[in-house]
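# Fold and geometry: a report
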Amino acid sequence: MANSFNKEERVAFESILEGFQDALVLSRNVGVYNTDQTMMERASDTIWRPQPYIASSIDAAPGTDISASYKDSTQLAVPSTIGFSKSVPFTLDAKELRDALQENRLADAAKQKLASDINVAIMDVAATQGTLVVKRTEAAKGFDDVAEVEAIMNEQGVVDYDRYLALSSRDYNGMASNLANGGAAAGRSFGGDKSNSAYERAFVGQVASFDTYKLDYANRLTAAAGGGNLTIDTRDTGGNFYNPSATSTSVGGQINVDNRTDTVTVSSTTNVAAGDCFTIAGVESVHHITKQATGQLKTFRVMSVTNGTTMVISPPIISNQVANEAAEQYKNCEVTSKAAAKAIAFLNTTTAAANPFWQKDSMELLAGRYAMPDNAGVSVLRGTTDQGIELVMQKFYDINTMTTKYRCDTLFGVVNKQPEMSGIMLFGQA
């Protein structure tokens, strides 16, 4: 006969689920996709999720006949995987179970750790795959810092709502200090509550259209060690530009293409590392809708180094410098001057916290679900948060040792569907 939870354990689990949901701070600010678990098992837990279309318009004048102007559209998609299976196991013997508080405390710790795992996974994906890079030469101060993040998003056509910025504790508190010292003396006229909250609770809140959050753990990006004379060929013949495609044809037939990265050839990749941020002289970002150059250099990230002269970068250089319908539709940069050796300049010049920011539609959380058999000698309790993330608690009693085994589990995935709608802000850079 299967073990069963007593009433106290059920109440404890309900409390755990509530606390688990409350602790999922970052997951509330990303999209959630609830998958069909049977299909996911058959597809190795991977599903392709569509990226947003970018439409283009034409001039219909003179007249209204546009019969010669119809073009194909290219749908881009990215592979999304339920790749995180997190578990917290613990045991209690028959003597320890006399103190019910121990069970509650261990379960509460399990809840905190699993919620932290989800938050950290979201932060890691945003911080390592986001390609918008804002470099600040000084420590975090306040509005001007966040305004730079807003500017880089606005210039490239990222929608102006559901924007989030997560800051390391020291950077966040630096902004709070700026608000706490605000007032007439600082030339600002916002209400006293804003300054009081910053002073009393180190609370920043919304700044320059971004909801801000404080991280108790933040990724750190190491200073770039690549040489200062790296160059890349931006001529048409250099072949470093990219033309997006929905599918490619191989021996096995048509397969989907992940268009978030491309392999480019540079003068040398010595000491270049994944995560490095850089710009290319003469390669400007464009507004993704209007395709107008912004006058600002496009930022790129190194995803991996292939060999001594090639590396994988994100986003690809989609410049449409050799006319292509898909490249015209998804153009993300303008090569204002072409040359065989355009200078690469690294932005992460000093090791610092990588503070991620994103627009909600760029990040997605995939909810997974375990299938536990009934009447298998293990008691199972499960619950689902508002976002669809499942928390499972199991219990098994071993009569030989009078020990009860517990485990709390959650299954999920995180995907950055559009790296050009997310990025990082670095402070204290030379």
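Note that this is a predicted model, so its numbers are computed, not measured.

Cut-offs applied
Residues numbered from 1 in each chain as written. Predicted model: local features only at pLDDT ≥ 70, side-chain atom pairs only at ≥ 80, totals over all residues. Heavy atoms only, no water. Helix = DSSP H or I, 4+ residues; strand = E, 2+ residues; numbered from the N terminus. Buried < 20%, exposed > 50% of the residue type's maximum accessible area, 1.4 Å probe, protein only. Contact = heavy atoms within 4.5 Å. Areas by Shrake-Rupley, 256 points an atom, 1.4 Å probe, with all protein chains shown as cover. Phe/Tyr/Trp six-rings, centres within 6.5 Å; stacked < 30°, edge-to-face > 60°. Expected span 1.5 Å × (residues − 1). Salt bridge = Lys/Arg side-chain N within 4 Å of Asp/Glu carboxyl O. Pairing = 2+ DSSP bridges. Core = buried A, V, L, I, M, F, W, Y, C linked by side-chain atoms within 4.5 Å. Lys, Arg positive; Asp, Glu negative; His and termini not counted. Polar contact = N/O pair within 3.5 Å; in protein donor to acceptor, adjacent residues only side chain to side chain.

## As for the overall build of the protein
Each helix and strand counted, the protein has seven helices and 25 strands in total. Counting the 430 residues in the protein, one finds 46% classified as buried. A separation threshold of at least 6 residues defines the contact pool for the protein, and within that pool the share at least 24 residues apart is 77%. Here the protein has roughly 20,800 Å² of accessible surface; of this, 49% comes from carbon and sulfur atoms.

## Considerations on the packing of aromatic side chains
For the structure on display, the rule yields seven aromatic pairs. Taking 5.0 Å as the distance between ring centres and 10° as the angle between the ring planes, the aromatic pair formed by Phe84 and Phe412 counts as stacked. Of this pair, Phe84 sits in strand E4 (residues 84-93) while Phe412 sits in strand E24 (residues 403-416); the two residues are 328 residues apart in sequence, bridging distant segments of the chain. For Phe84, a relative accessible area of 27% puts it in the partly exposed group.

## A few points about helix H4 (residues 143-155)
An ideal rise of 1.5 Å per residue puts 18 Å on 13 residues; H4 measures up with 18 Å between its terminal C-alpha atoms. Within H4, the full set of buried residues consists of Asp145, Val146, Ala147, Val149, Ile152 and Met153. Trailing H4 by a residue or two, Gly157 shows a phi angle of about 80°, which is positive.

## Looking at the pattern of salt bridges
According to the stated counting rule, one finds 13 salt bridges in the structure shown. With a closest N to O distance of 2.6 Å, Glu138 and Lys141 form a salt bridge. Here Glu138 falls in the partly exposed class, since its relative accessible area comes to 43%. The partner of Glu364 in a salt bridge is Lys417, and the shortest N-O contact between them spans 3.4 Å. Taken together, the residues span a long stretch of sequence, with Glu364 in strand E21 (residues 363-367) and Lys417 in the loop between E24 and strand E25 (422-426) at a distance of 53 residues. Accessibility classification places Glu364 together with Lys417 in one group, the buried group. Counted as one network, the salt bridges with shared partners bring together Arg49, Glu364 and Lys417.

## Structural notes on the sheet that holds strand E8 (residues 210-215)
The strand order across the open sheet formed by six strands is E5-E25-E20-E6-E8-E7, and the pairing between neighbours is mixed. Of all strands in the sheet, those with a lone pairing partner are strand E5 (132-135) and strand E7 (206-207), marking the two edges.

## Observations regarding the nonpolar core
By size, the foremost hydrophobic cluster in this structure holds 35 residues, and its most contacted members are Phe20, Ile118, Trp358, Met363 and Val414. It is helix H3 (residues 100-129) that contributes the most residues to this core, ten residues altogether. Beyond its immediate stretch of four places on either side in the chain, Phe20 contacts Lys111, Leu114, Ala115, Ile118, Thr385, Ile389, Leu391 and Thr410. Core analysis: the next-biggest nonpolar cluster, separate from the first, contains 21 residues, Val149, Met175, Phe210 and Phe357 among them.

## Brief notes about the pairing of E8
Pairing of strand E6 (residues 163-168) with E8 involves six bridges; the strand directions are parallel. Within the sheet, the bridge partner assigned to Ala166 lies in E8 and is Tyr213. Here E7 folds back onto E8 in antiparallel fashion, the turn holding two residues, of which Ala208 has a positive phi close to 50°.

## Considering unusual backbone geometry
Following Ser314, the chain continues into Pro315 via a peptide bond in cis, with omega recorded as -5°. Within the chain, Ser44 stands out as a residue other than glycine whose phi angle is a positive 55°. Turning to its location among the elements, Ser44 is positioned in the loop between helix H2 (37-42) and strand E2 (46-50). Phi at Asp45 is positive, roughly 60°, even though this residue is not glycine. Topologically, Asp45 is positioned in the loop between H2 and E2.

## Description of the environment of Glu18
Mapped onto the elements of the fold, Glu18 is located in helix H1 (residues 7-23). For Glu18, a relative accessible area of 52% puts it in the exposed group. Sequence spacing of Glu18 and Gly383 is 365 residues, and the spatial spacing of their C-alpha atoms is 9.5 Å.

## What to know about the environment of Arg220
Along the chain, Arg220 falls in strand E9 (residues 220-221). Overall, Arg220 belongs to the exposed group, its relative accessible area being 57%. It is 6.8 Å that separates the C-alpha atoms of Arg220 and Thr351, two residues lying 131 residues apart in sequence. Apart from residues lying up to four places away in sequence, Arg220 is in contact with Thr351, Ala352, Ala353 and Ala354.

## Details of the side chain of Asp262
Structurally, Asp262 is set in strand E13 (residues 262-265). Here Asp262 sits buried without a salt bridge, and the closest side chain of opposite charge, Arg260, lies 13 Å off (N-O distance).

## Notes on the environment of Asn324
Inspection of the secondary structure assignment puts Asn324 in the loop between strand E16 (310-314) and helix H7 (325-329). For Asn324 and Pro244, which are 80 residues apart along the polypeptide, the C-alpha to C-alpha distance reads 9.0 Å. A polar contact of 3.0 Å, which involves the side chain of Asn324, links it to the backbone nitrogen of Ala326.

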